[in-house]
Amino acid sequence: MKSIESIRANVMAVLFCLFVGSPLILSLLTALIPYLNEILIWDENAEQFRNEAEVEDEKELAELRWEDETLQTYVDAYIENRVPFKSDAVALAANAERQFIRLSNGLCRWGAYPTFYGSEYVYVPSMEALAAIPDYESDAIRVGIERFAMTVNELAAHYPDKRFMIYLTDYSYTARSNPTATLVSDFIDTEECAYVFSLYCTAPNVTLLYDSFDNIHNFYTYYYTSDHHWNDRGTLRAYNRIASTWGFETLENATYKRADGPDFVGSFARSGLVYVSDPPDYVDLDQSAIRLEFGDYRESGADHDAYELAPWPAKRWEFYGLFYEYCPSLYNDDPRMFGRKGLLISDSYGYSLGRILVHNYEYLGHSRALRAADIGSTGFLPWLEDTEASDIYFVGHARNFSTFLERNPWFFAGV
């Protein structure tokens, strides 16, 4: 009996040491053996945040302190992102919870149910799609949109010879078709946000367009099932609405093509821990006359270097951002467009739209200041004066419009 207890104690001691020391062991192994990191500890959910968790700059590393817990936070993140097969374990646990939720929903027959306990996303089985649970911030959205609309109206009055367009996209958090919309108190939908815009954008040279889908099938026809962005069909639909409103050539007969890569698994799928994917399709247009400029870098509109050179997992998780990589300057060498200039201020919805919209201009300047991540953007009026653009577009979803002036109080300085 004594020998058995001794063996058991030794085994438990070894297992304990392996458990405690596994992050250190794996770090040493990955430093010694190339590509072992990709084989053993590839974490599909944490990989995109791993670079943010690591402190590569020696000065920053030296500034970490025990007293203010920056050192502990760094160590915790470093170890957490190197736990073997962590994403698989987390996804497996979420899937198990989802199965229990699905079984209980058999009695209630809700049109959607949480992707796991405490999730901010729901799975819509009829569409094999995901939706976000709306927030309780309707008053803040109304007030923010009022401020933005009044500012644009003043801008348009100051430049009566220029055309201004606001394109309000639909968005899972404000979509009427969201199956959880009726369960949230004081829910504000995209159409109501558009109504607020219409009350304050009264200048004759301001055009308001918006997407609002009551039918869930229509919504997922034009928006990704795994992500919050519009898809290739949604982008083309938006362009055709703009074109028919402002007299451009529409692309009603355009076709679609699949990018050379895996299916797209968007941000809702990653955060909701459920595998839902979309085909990586795009609008098949002749882009030979289009040039993109990123500072000193030049690229043909027909190329998508960021996507084509990306590793397979990145193509899978970040198709939209990589394929429609943000570009501040888009040029069209078609001589028929000579002298026509436009400006596009958008959130990430404008990434895909800009590549089609530029076909109507010699130059299309693009600012992504509407993105929630952009803070402190300035200099719109000098930009407008320098480019002598005749058409100005504001494209984004309601929440980004509502917080824009709070994030960028000096963007319209001088208006």
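Above this text sits the structure in question.
Residues numbered from 1 in each chain as written. Predicted model: local features only at pLDDT ≥ 70, side-chain atom pairs only at ≥ 80, totals over all residues. Heavy atoms only, no water.

**Some points on the side chain of S329**
Inference 1: Tracing the backbone through its elements, the reader meets S329 in strand β10 (residues 329-332).
Inference 2: Since its relative accessible area comes to 16%, S329 is described here as buried. (Helix = DSSP H or I, 4+ residues; strand = E, 2+ residues; numbered from the N terminus. Buried < 20%, exposed > 50% of the residue type's maximum accessible area, 1.4 Å probe, protein only.)

**Quick look at the pattern of salt bridges**
Inference 1: Applying the stated criterion to the full structure yields 17 salt bridges.
Inference 2: Look at the salt bridges and you will find they share partners, linking D139, R142, D186 and E192 into a network. (Salt bridge = Lys/Arg side-chain N within 4 Å of Asp/Glu carboxyl O.)

**A word on the sheet that holds strand β4 (residues 163-168)**
In sheet architecture, strand pairing relies on hydrogen bonds along the backbone and comes in two forms, parallel and antiparallel.
Inference 1: Spatial strand order, β5-β4-β13-β11-β12-β10-β8-β9: eight strands in an open sheet with mixed pairing. Looking at the sheet topology across the chains shown, the edges are occupied by β5 (206-210) and β9 (297-300). Strand-to-strand twist across the sheet, computed as the mean angle between neighbouring axes with direction ignored, equals 20°.
Inference 2: As defined by bridge partners, β4 adjoins β5 across five bridges and the pair is classed as parallel. Along β5, the bridge assignment pairs M165 with T207.
Inference 3: Contacting β8 (290-294), β10, β11 (341-346), β12 (363-367) and β13 (391-396), helix α15 (residues 350-357) runs over the sheet at an angle of about 170° to β12. (Pairing = 2+ DSSP bridges. Axes fitted to C-alpha atoms, helices over the stretch in contact; angles between N-to-C directions. Contact = heavy atoms within 4.5 Å.)

**With respect to a nonpolar patch on the surface**
Inference 1: The grouping of F100, L103 and Y117 at the surface amounts to a nonpolar patch, some 390 Å² of accessible area in total.
Inference 2: For Y117, a relative accessible area of 52% corresponds to the exposed category. (Patch = residues over 30% accessible without salt bridge, like charges linked within 9 Å, V, L, I, M, F, W, Y side chains within 5 Å. Areas by Shrake-Rupley, 256 points an atom, 1.4 Å probe, with all protein chains shown as cover.)

**Some details on the nonpolar core**
Inference 1: Judged by nonpolar contacts, the single largest core of 67 residues is most densely connected at Y220, W230, I242, F319, Y393 and V395.
Inference 2: If one sorts the elements of this core by residue count, helix α10 (residues 232-246) sits on top with six residues.
Inference 3: Apart from residues lying up to four places away in sequence, F319 is in contact with Y224, A259, F264, P280, D281, Y307, A314 and Y324.
Inference 4: If you look at the next biggest cluster of nonpolar residues, it comprises 37 residues, including C201, I392, A398 and F404. (Core = buried A, V, L, I, M, F, W, Y, C linked by side-chain atoms within 4.5 Å.)

By themselves these figures say nothing about function.
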